[in-house]
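Here are the chains, one letter per residue:
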Amino acid sequence: MNIFNLGGGSGDFAGQASAATCSRKACRADASWQLLWNNPKIHTPERRKVWLACGEHKAWLEDYLQTRGLWKETVPFEAAEPGGNG
């Protein structure tokens, strides 16, 4: 597993939704949420970084990002379809 590809991005998504795991340290649960964020000190306003979250850790990760002024939005996680436009 490559931690730098957890949120997708320019790399190809090589698995199905069950292959995407929560970004919380030591959690191996399937992701069901995307937490979109950016660091205004280093990212342009439209840039969105992504952490994935399971239902159990969604609130914890949102709080972590909100406390630091980084959180922008939380949306349901829907994995890209194999062969889709990703």
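Remember, predicted model here, so these are calculated numbers, not experimental data. (Residues numbered from 1 in each chain as written. Predicted model: local features only at pLDDT ≥ 70, side-chain atom pairs only at ≥ 80, totals over all residues. Heavy atoms only, no water.)

The next subject is the sheet that holds strand 3 (residues 71-76). Pairing in this open sheet of 3 strands is antiparallel, and the strands run 2-1-3 from one edge to the other. Pairing within the sheet leaves two strands with one partner each, and these edge strands are strand 2 (49-53) and strand 3. Going across the sheet, the axis of each strand differs from the next one's by a mean of 25°, ignoring polarity. Bridging between strand 1 (residues 33-37) and strand 3 involves 5 bridges; their strand directions are antiparallel. Residue pairing for strand 3: W37 is matched across the bridge by W71. (Pairing = 2+ DSSP bridges. Helix = DSSP H or I, 4+ residues; strand = E, 2+ residues; numbered from the N terminus. Axes fitted to C-alpha atoms, helices over the stretch in contact; angles between N-to-C directions.)

For the rest of this paragraph, the subject is the confidence of the model for the protein. Residues shown with low pLDDT carry predicted positions that ought not to be read at fine detail. Of all residues in the protein, 70% attain a pLDDT of 70 or more, and the chain-wide mean is 80. Per-residue pLDDT stays below 50 along residues 8-18; that stretch engages in 7 contacts with residues further than four places along the chain or on separate chains. (pLDDT = per-residue confidence, 0-100. Contact = heavy atoms within 4.5 Å.)

Before going further, it helps to examine helix 1 (residues 58-67). Here helix 1 has its buried residues at L61, E62 and L65. Seen along its axis, helix 1 keeps its buried residues to an arc of 100°; they face one direction. Away from its buried face by more than 90 degrees, helix 1 exposes A59 and T67. Those residues of helix 1 that are buried lie in contact with strand 1, strand 2 and strand 3. The positive-phi residue at the C-terminal boundary of helix 1 is G69, with phi of around 70°. (Buried < 20%, exposed > 50% of the residue type's maximum accessible area, 1.4 Å probe, protein only. Arc of directions from axis to C-beta.)

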